[in-house]
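These are the residues of each chain, in order.
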Amino acid sequence: MTYRLGFFLLCIMLFQETCARFITFAKLEHPVTAQQILLVGDCHGKEIYASENRAAIINIAKTVDAHVVVEDMSDYSFLARYVPEKLYDDNDFFSYHSFHSRKRMAYTSLSLTHHCKRKEVSVTNVEFRHGGGLGNYSFLPMRAYYALLNQLVKSISKKTMSCLSEDHIICLQKIMPIISLYIEQSMLDTIMQPIQYDDVDLKLSEIDLVFCLMLDILMMQDLIEQTEQDPKKTIITCGGALHIENIKTMLGDMGYTTEVYMQREPHSFRELRLRDIFKKYVLSDHQQLQKCSSRTSIGFNDRKRVYWSVTKKAFVSGSLLTSLASLFYVYNRHASW
């Protein structure tokens, strides 16, 4: 009985449900180049079409030769561009317990970075907020993480800056004192006190918002870079619904017109079926959707170490529970004697 219980718990830990529901779709077009930007946004919650929607995104990207920009908590490759190679290679990020552990395994991206690479679809993951919960944004040493943020801010081009909203400009102004504070003190507790910046108190609760806006900026940066390389390149941007709304607003300010827009209410528990939307609004009359995506489990990703990390956690937890159940059984048998 105890072994069955341990095996059951192991299965639960290995096969977690996805928690990403696509609720927003927008198609924008540039008035001169006719470039199309497809925006897909999600929210957390029970979903039905997660795997199908991921396949639809990859299929449409393959069909129209699009580039994908994604917020992907299941992939750490973004960090490799900014932290020392030894520091990156020596950290088995997936083995760390995290408030974001469910999001790492199945989040907005549905592991899109990995699956786009498998199907040779151009993709950029801009997620940099890999961390262990509120106020702890990285498994890297804090000094290294804020040095990384410093590089991210410095990497923002003048072209990107000219396209940002006022809120995003203020975000950059606010983030620099945080970076300086951490680089100097490298102590998490110090951030609990308000930081004075132009008579504005930047408390811990606001840092999440600042980093969310920073992610918008990185999405816009990649979108602009891809457009400069090919002004007619179709770009698909996938992220949380709030990020997608911000990107849509900034693109509108740049002159892009919204051709299609649809949104489900987050609390309605209704989700979009992207396959049908793409066929109706993206494909031309003569185009046929290429079916190039498999239904590989969304828990898999391009960091193979995750397999061992998750399996190890499951076996350790299962073994511990089995041992406790066995001790309880022995204790009851002994008491009955």
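As shown above, the structure is provided for reference.
Residues numbered from 1 in each chain as written. Predicted model: local features only at pLDDT ≥ 70, side-chain atom pairs only at ≥ 80, totals over all residues. Heavy atoms only, no water.

Engineer: Just checking my understanding: could you explain the overall build of the chain for this structure?
Structural biologist: In terms of regular secondary structure, the chain is built from 13 helices and 8 strands. The buried share of the chain, reckoned over its 337 residues, is 51%. (Helix = DSSP H or I, 4+ residues; strand = E, 2+ residues; numbered from the N terminus. Buried < 20%, exposed > 50% of the residue type's maximum accessible area, 1.4 Å probe, protein only.)

Engineer: Hey, could you run me through the packing of aromatic side chains in this one?
Structural biologist: Aromatic rings in a pair are described by how distant their centres are and how their planes are angled relative to each other. Applying the stated criterion across every chain yields a total of 2 aromatic pairs. Taking the centre distance of 5.9 Å and the plane angle of 70° together, the rings of F25 and F278 count as edge-to-face. Placement of F25 in strand 1 (residues 21–29) and of F278 in helix 12 (residues 274–281) is noted, with a sequence separation of 253 residues between them. With respect to burial, F25 and F278 carry one shared label: buried. (Phe/Tyr/Trp six-rings, centres within 6.5 Å; stacked < 30°, edge-to-face > 60°.)

Engineer: How do you make sense of the packing of helix 2 (residues 50–64) against helix 12 when you look at a structure like this?
Structural biologist: Packed helices, taken two at a time, are described by the angle their axes make and the gap between the axes. Put simply, helix 2 and helix 12 touch, their axes get as near as 8 Å, and they point 30° apart. Comparing the axis directions of helix 2 and helix 12 gives the class roughly parallel. In contact with E52, N53, A56, I57 and I60 of helix 2, helix 12 contributes L274, R275 and F278. Looking at the contact of helix 2 with helix 12 residue by residue, the class counts come to 5 nonpolar, 1 polar and 2 charged. (Axes fitted to C-alpha atoms, helices over the stretch in contact; angles between N-to-C directions. Parallel < 35°, antiparallel > 145°, perpendicular 65-115°, else oblique. Contact = heavy atoms within 4.5 Å. Nonpolar A, V, L, I, M, F, W, Y, C, P; charged D, E, K, R; others polar.)

Engineer: Mind showing me how you'd approach the pattern of salt bridges here?
Structural biologist: Once the charged atoms of two side chains with opposite charge are near each other, the side chains can pair. Inspection of the entire model under this criterion finds 6 salt bridges. Here R273 ties to E52 by a salt bridge, and the two come within 2.6 Å at their closest N and O atoms. Of this pair, R273 sits in the loop between strand 8 (257–263) and helix 12 while E52 sits in helix 2, placing them 221 residues apart in sequence. When its relative accessible area of 12% is taken as the criterion, E52 is described as buried. Two residues, K159 and E228, come together in a salt bridge whose shortest N-O distance is 3.8 Å. With K159 in helix 8 (residues 158–163) and E228 in helix 10 (residues 204–229), the pair connects residues that are 69 residues apart, well separated along the chain. On the basis of relative accessibility, which here comes to 51%, the residue E228 falls in the exposed class. Linked through salt bridges whose partners overlap, the residues forming this network are E71, E127 and R129. (Salt bridge = Lys/Arg side-chain N within 4 Å of Asp/Glu carboxyl O.)

Engineer: Is there a simple way to explain the sheet that holds strand 1 in this structure?
Structural biologist: Within the open sheet, the 6 strands sit side by side as 4-3-7-2-1-8. Their pairing is mixed. With one partner strand each, in any of the chains shown, strand 4 (123–125) and strand 8 form the two edges of the open sheet. The sheet shows a mean angle of 15° between the axes of neighbouring strands, direction not considered. Relative to strand 4, strand 3 (residues 67–70) is paired through 3 bridges, and the arrangement is parallel. Bridge pairing links V69 to T124 in strand 4. Sitting on the sheet, helix 2 is in contact with strand 1, strand 3 and strand 7 (235–240), with an inclination near 160° to strand 7. Sitting on the sheet, helix 11 (residues 241–253) is in contact with strand 1, strand 2 (36–43), strand 7 and strand 8, with an inclination near 155° to strand 2. (Pairing = 2+ DSSP bridges.)

Engineer: Can you walk me through helix 12 in this structure?
Structural biologist: One turn of an α-helix holds 3.6 residues; hence residues three or four places apart share an orientation. Within helix 12 the residues assigned to the buried category are L274, I277 and F278. Taken end-on, helix 12 shows its buried residues confined to a sector of 95°, consistent with a single buried face. Among the structural elements, strand 1, strand 2, helix 2 and strand 8 are those in contact with the buried residues of helix 12. (Arc of directions from axis to C-beta.)

Engineer: Sorry, what's going on with the pairing of strand 1 here?
Structural biologist: Within a regular beta strand, the side chains point alternately toward one face of the sheet and then the other, so they alternate between its two faces. Along strand 1, 8 of the 9 residues are buried, which leaves the element largely enclosed by surrounding structure. Across 6 bridges, the pairing between strand 1 and strand 8 is antiparallel. Paired with L28 across the strands is T258, a residue of strand 8.

Engineer: Just to check I follow, could you spell out the side chain of H168 for this structure?
Structural biologist: Its place among the elements puts H168 in helix 9 (residues 166–185). A polar atom in the side chain of H168 sits 2.5 Å from the side chain of S165. For H168, the residues in contact, after removing those within four places along its chain, are L213, D216, I217, N246 and M250. (Polar contact = N/O pair within 3.5 Å; in protein donor to acceptor, adjacent residues only side chain to side chain.)

Engineer: Would you explain helix 11 in this entry?
Structural biologist: Here helix 11 spans 19 Å end to end across 13 residues, near enough to the 18 Å set by a 1.5 Å rise per residue. Of the residues making up helix 11, those classed as buried are A241, H243, I244, N246, I247, K248, M250 and L251. Residue G255 follows helix 11 closely and has a positive phi angle near 105°. (Expected span 1.5 Å × (residues − 1).)

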